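In case you want the letters, here they are:
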Amino acid sequence: MKHLKQILGTEFRQFTMVIALVALIIIFNIATGGKVVTPSNFQNLLSGNAYVLVLAVGMLMVIVIGQIDLSVGSVAGFAGMVMALSAREFNLPWWVAALIGLAVGAIAGAWQGFWLARFNIPGFITTLGGMMIFRGGVIWISKSISVPAPEELKIIGAGYLPDWGPNTGLNNSTVLLGLLAIAAFTWSQLHKRRRIEKLSGKKEPLWPVLVRIVLVGLVIGYITWLYSSGRPGTSFPVPGLILVVLVIIYHIITQRTRFGRHIYAVGGNKSAATLSGVNVRRTYFLTMLNMSFLAALAGIIFVGRSVAAGPSDGTGWELDAIASVFIGGAAVSGGIGTVIATMVGGMVMAVLNNGLQLLGVGADRTQVIKGFVLLAAVVFDVYNKQRGRGSITGRLFPAKQEQPKPTEGTPA
Amino acid sequence: MEDIILQMQDITKVFPGVRALDGVTISVRRGDIHAICGENGAGKSTLMKVLSGIHPYGSYEGKIIYMGSEMTFKNIKESESAGIVIIHQELTMIPELSITENIFMGNEIVRRGLIDREKQRRLAQELLERVGLNLDPNTQVKHLGVGQQQLVEIAKALSKNVKLLILDEPTSALNEADTANLFKLMRDLKGKDITCIMISHKLNEIAEISDVVTVLRDGRTVETFSVEKGQVDEKRIIRSMVGRSMENRYPPHESKPGEVIFEVDNWCVEDPNIPGRMVCKRSNFYVRAGEIVGFAGLMGAGRTELMRSIFGQNYGSFICGSIKIRGKQVKINSVSEAIKHGIAYIPEDRKNFGLNLIDSVRKTCVSANLKAITRGWLLDLDKERQAAEKQREELGIKTYSVDACVNTLSGGNQQKVVVAKWMFTEPDVLILDEPTRGIDVGAKYEIHRLINGLADQGKAVIIVSSELPELLGMCDRIYTLFEGSITGALDRSEADQEKLMQMMINTQDAYSNTCADINA
């Protein structure tokens, strides 16, 4: 047990969901007779859910500040439509149209952030309004008809990485990415160990680090092989790559920047944040703006998939994004949640969808099951936190030292 | 034999780490208006909460004998059905509902499963007449003034067939006319065989209305004496309120005050909710480098409001005044500007204002000065950890790891984390609002030592406290506040609890004696 803990590191709490995800994949794979873990299904899984996961990244930050954004589906649809229309009507190159789409998203976010930041109108209300405004807007400007988008967008929405170099039977771009990922992980682990040694002045054992590197290396290697060994011409999907880049960027923003700290501070205790010099309004504003910007990006990715923008694109996406965040362990009251855990939550939803579909379960029953899973995940989380006990993993590996008992006096 | 309606015998109530009540005994005669007075934290409110069942039977020790039999209230409902009704200092009306609905809240008159509105209205009308309010019972409570709301509260109590009415600082939010009105009603009720217990520390009111006064101090009954012919011995009450021996020990400290580095002139702030009501009235004060200055005042004197308005206008609407730091006038419009100018404020309510309880010790320690650990765009987490470990060691924060969540720490250690957070901003002026509230004796001593250490580093330290011994034990100079005005300043050598208390309740002679000091 102790050795296992050393390998997993200190933050093993978040592994509960990862274990659930892996278990889900294995169960579905057995039940479907091996249809889940195949290159093409994994490629679909990623490119078919990338847009929701992009939304979930932004939604995590919104929920951490203690707000909610119901407008993301409408904003995504609206931005995608504006992009398609501006490309068609003004003959703009695809990338200019895409930038216009992103700008529209940012403006929509500024609009909603303004009401929250300036007049303290709850995000629930401003974005409920936005949901109607932008949905109506899409239908209005499109006259309720699908609009074709520039062909080049296909790369963003459903594209694959190019193949080059010697014929290895694998997609060489994907292999290169996989090797880079392993190298980056190895470097970060060794660097971390050096830092810890420097800080504490004590020698850290090398073996847990090596075991970790080998294990994670194997996992990355397997995923790389899975994605690169599909049909010729396929690879790790481009929307998946966009997502990975975003996750890295937003992980750093939330965990390693002042703005990230402010988000958690505002969500955890607004009054205390104010008294610590945090500009609460600015934090609200930027978070809402960022959400709609990412919604526009999600909308563009989605348009790229079918190379057309439809008037009902994005309907109901907000709920998938919100569900991903909560399955990922974020707190309804704000202040708690991480980008990585949200991605795991989102993947749980995606795998459920995918596996049930492969099993031939209808969309109706899939919906019911997803509903129960969401509820179960949140109940599990709340139950754990309420009684002040650790997660299941926390109980399996009790902390080294007893925590001091809180003693609190509140005389009236 | 006297007709005693209520006897509370040897009531002891312990909160973790604090003995709020320590063997309080009190007996109340039927038909009396019985005043209870004492300092903040003397245990007045706790005693009333025990009586009304908010602190249920079993959570305290001692006996309550009411109308001749022992009572074991488990909740308010039980005490109310026995005829004991408490009216809290903060009124508990629902502003959007009508007077009728508020009066019968929780005791609705029901006929066949539906509320009998007509009957409720009729009864409400009668009740309002009994308390002398000439209002339509359908009026929404939000349209009523505070005084009227208080009377509605009493009407509500009457609807419950009250025998013993408890009023917790009933006049704290009332003007003179409303107060007079309330007192008239209280005398009225007295004639109708309703007994009143009134918590108050306004001596003139006690003299005017009450028959008997009981003084509480540090959770004990000090003495009970009757008010004869509207005369109370003010000196005697004050002495009873404060006259404890200095049993708490304070770390020895010799201040070496330097030049004045922090000055506040002519500071006026308006209540953000009640236009026209000033919470700070032309306050002037200064603090020298290395000096510890205390602010004393009773509840509602405006101490916290004054400090928070200075700290980046975090409270109230700024009217006028200026702040000088090291002789230079500065404009401070936000908390972050205040921090930039070297001011730190440690709020009185640790849980609601001081800490993000779900955050780790490590992140909290640096949260008010993230700039110090930022390199380029990113936070340097190694620097953060080093900073947190250093603070943990220097302040003696007891935690198994700096990664622990702050809500797993004890109150004293949480307070040290707050202090650590503000030390990390390297302030010149440190304002501590009730720095040792709700923490145990040992932790108090450590916090006091820390404060002395900060003064030795040449920082200007301001302590706001409800505990006079704490101020007398720690401060070089003490200002007193009364209803938003600074009523005086005393040096440590000339200050004692009685003098301070006199200035805090602003009896006239004390005020004129110290006016000279303010201008000095």
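Keep in mind that this is a model prediction, so the values were computed, not measured. (Residues numbered from 1 in each chain as written. Chains lettered and ligands numbered in written order. Predicted model: local features only at pLDDT ≥ 70, side-chain atom pairs only at ≥ 80, totals over all residues. Heavy atoms only, no water.)

Student: What is the right way to read the sheet that holds strand 24 (residues 485-491) of chain B from this model?
Tutor: Two strands in a sheet stick together by hydrogen bonds in their backbones, pointing the same way (parallel) or opposite ways (antiparallel). All names here are of chain B. Pairing in this open sheet of six strands is mixed, and the strands run 18-21-22-15-23-24 from one edge to the other. What marks the edges here is a single partner per strand, and that holds for strand 18 (343-346) and strand 24. When strand polarity is set aside, the average angle formed by the axes of neighbouring strands in this sheet is 20 degrees. Helix 9 (residues 303-310) rests against strand 15 (292-296), strand 18, strand 21 (429-433), strand 22 (460-464) and strand 23 (477-482) of the sheet, and its axis sits at about 130 degrees to strand 15. Here helix 14 (residues 411-423) sits on the sheet and contacts strand 18 and strand 21; the angle it forms with strand 18, its principal contact strand, is near 170 degrees. (Pairing = 2+ DSSP bridges. Helix = DSSP H or I, 4+ residues; strand = E, 2+ residues; numbered from the N terminus. Axes fitted to C-alpha atoms, helices over the stretch in contact; angles between N-to-C directions. Contact = heavy atoms within 4.5 Å.)

Student: Sorry, what's going on with the pattern of salt bridges here?
Tutor: Where side chains of opposite charge bring their charged atoms close, a pairing between them can arise. Inspection of every chain in the model, using the stated rule, returns 29 salt bridges over all chains. Two residues, Arg195 of chain A and Asp382 of chain B, come together in a salt bridge whose shortest N-O distance is 2.8 Å. Of the two residues, Arg195 of chain A sits in helix 8 (residues 172-200) while Asp382 of chain B sits in helix 13 (residues 381-395), which places them in two different chains. What makes Arg195 of chain A partly exposed here is its relative accessible area of 30%. One salt bridge connects Glu80 of chain B with Lys160 of chain B, and the closest N-O pair in it is separated by 3.2 Å. With Glu80 of chain B in helix 2 (residues 76-81) and Lys160 of chain B in the loop between helix 5 (146-159) and strand 9 (164-168), the pair connects residues that are 80 residues apart, well separated along the chain. Judged by relative accessible area, which is 18%, Glu80 of chain B ranks as buried. It is possible to trace a salt-bridge network through shared partners that takes in Arg261 of chain A together with Arg362, Glu384, Arg385 and Asp403 of chain B. (Salt bridge = Lys/Arg side-chain N within 4 Å of Asp/Glu carboxyl O. Buried < 20%, exposed > 50% of the residue type's maximum accessible area, 1.4 Å probe, protein only.)

Student: Sorry if this is basic, but what is going on with empty space enclosed by the protein here?
Tutor: The probe, sized like a water molecule, is rolled over the atoms to show the empty space still left. Under the defined criterion, the tally for this structure stands at two cavities of 30 Å³ or more. Its boundaries defined by the atoms lining it, the largest cavity holds a volume of some 180 Å³. Residue lining of the largest cavity: 16 residues in total, with Arg261 and Ala265 of chain A together with Asn356, Asp359 and Ser367 of chain B positioned closest to the centre. Among the elements of the structure, helix 11 (258-268) and helix 12 (270-275) of chain A together with helix 12 (361-365) of chain B are those that each provide at least two residues to the lining of the largest cavity. Among the elements that make up the lining of the largest cavity, the one with the highest residue count is helix 11 of chain A (four residues). Of the residues belonging to the lining of the largest cavity, the class tally is seven nonpolar, five polar and four charged. What the second largest cavity holds in volume is close to 40 Å³. The class makeup of the residues in the lining of the second largest cavity is five nonpolar, three polar and one charged. (1 Å grid on protein atoms, 1.4 Å probe; cavity = no way out; pocket = protein on both sides within 12 Å on 5 of 7 lines; lining within 4 Å. Points joined across faces, edges and corners; volume = space filled by probe spheres on them. Nonpolar A, V, L, I, M, F, W, Y, C, P; charged D, E, K, R; others polar.)

Student: Hey, could you run me through the packing of aromatic side chains in this one?
Tutor: How two aromatic rings sit relative to each other is given by the distance of their centres and the angle of their planes. Residues and elements named next belong to chain A. One pass over the full model with this rule turns up 19 aromatic pairs over all chains. Each residue in the set Trp111, Phe114, Trp115 and Phe119 is aromatic and connected to the rest through ring pairs, giving one cluster. We note Arg118 situated over the ring of Phe119; from NZ or CZ to the ring centre the distance is 5.6 Å. (Phe/Tyr/Trp six-rings, centres within 6.5 Å; stacked < 30°, edge-to-face > 60°. Lys NZ or Arg CZ within 6 Å of the ring centre and 35° of its normal.)

Student: Just to check I follow, could you spell out a positive patch on the surface for this structure?
Tutor: A cluster of basic side chains, namely Arg258 and Arg282 of chain A together with Lys340 and Lys371 of chain B, defines a positive patch on the protein surface. Mapped onto the fold, Lys340 of chain B is located in helix 10 (residues 335-340). (Patch = residues over 30% accessible without salt bridge, like charges linked within 9 Å, V, L, I, M, F, W, Y side chains within 5 Å. Areas by Shrake-Rupley, 256 points an atom, 1.4 Å probe, with all protein chains shown as cover. Lys, Arg positive; Asp, Glu negative; His and termini not counted. Charge placed at Lys NZ, Arg CZ, Asp CG, Glu CD.)

Student: Is there a simple way to think about the interface of chain B and chain A in this case?
Tutor: Where interface size is quoted, it is often the accessible area lost as the parts come together. Opposite the 50 residues of chain B that make contact, chain A presents 33 residues. In total, about 3300 Å² of surface goes out of reach between chain B and chain A, with carbon and sulfur atoms giving 57% of it. Inspection of the chain B/chain A interface yields two salt bridges. For Glu384 of chain B, the salt bridge goes to Arg261 of chain A, with nearest N and O atoms at 2.5 Å. At the boundary of chain B and chain A, one finds nine residue pairs in polar contact (both at pLDDT 80 or more). When grouped by side-chain class, the residues that make up the side of chain B that touches chain A number 22 nonpolar, 17 polar and 11 charged. (Buried area = accessible area lost by both parts, 1.4 Å probe. Polar contact = N/O pair within 3.5 Å; in protein donor to acceptor, adjacent residues only side chain to side chain.)

Student: I tried to follow helix 4 (residues 72-90) of chain A on my own but got confused; where do I start?
Tutor: Helical geometry note: an α-helix holds 3.6 residues per turn, so side chains three or four residues apart project in the same direction. All names here are of chain A. Taking 1.5 Å of rise per residue, the 19 residues of helix 4 would be expected to cover 27 Å, and the 26 Å separating its terminal C-alpha atoms lies within 8% of that figure. With respect to burial, helix 4 is a largely interior element, 16 of its 19 residues being buried. In the segment just after helix 4, Asn91 is the residue with positive phi, at about 55 degrees. (Expected span 1.5 Å × (residues − 1).)

Student: Got a minute to help me understand the packing of helix 10 (residues 238-256) of chain A against helix 11 of chain A in this structure?
Tutor: When two helices pack together, you describe them by how their axes are tilted relative to each other and by the distance separating the axes. All names here are of chain A. The geometry of helix 10 relative to helix 11 is characterised by a closest axis approach of 5 Å and an angle of 65 degrees between their N-to-C directions. Comparing their axes, helix 11 and helix 10 come out roughly perpendicular. For the pair helix 10 and helix 11, contact is made by Ile253, Thr254, Gln255 and Arg256 and by Arg258, Phe259, Gly260, Arg261 and Tyr264, respectively. Considered class by class, the residues forming the contact of helix 10 with helix 11 number three nonpolar, three polar and three charged. (Parallel < 35°, antiparallel > 145°, perpendicular 65-115°, else oblique.)

Student: Please clarify how the sheet that holds strand 11 (residues 212-217) of chain B should be interpreted in this entry.
Tutor: Residues and elements named next belong to chain B. Across the sheet, six strands lie side by side as 6-9-10-3-11-12; this open sheet has mixed pairing. On the outer flanks of this sheet lie strand 6 (84-87) and strand 12 (220-226), each paired with one strand and no other. Looking at each pair of strands side by side, their axes are set apart by 20 degrees on average, direction ignored. Where helix 1 (residues 44-51) meets the sheet, its contacts fall on strand 3 (33-37), strand 6, strand 9, strand 10 (195-199) and strand 11, and the angle it forms with strand 10 comes to roughly 145 degrees.

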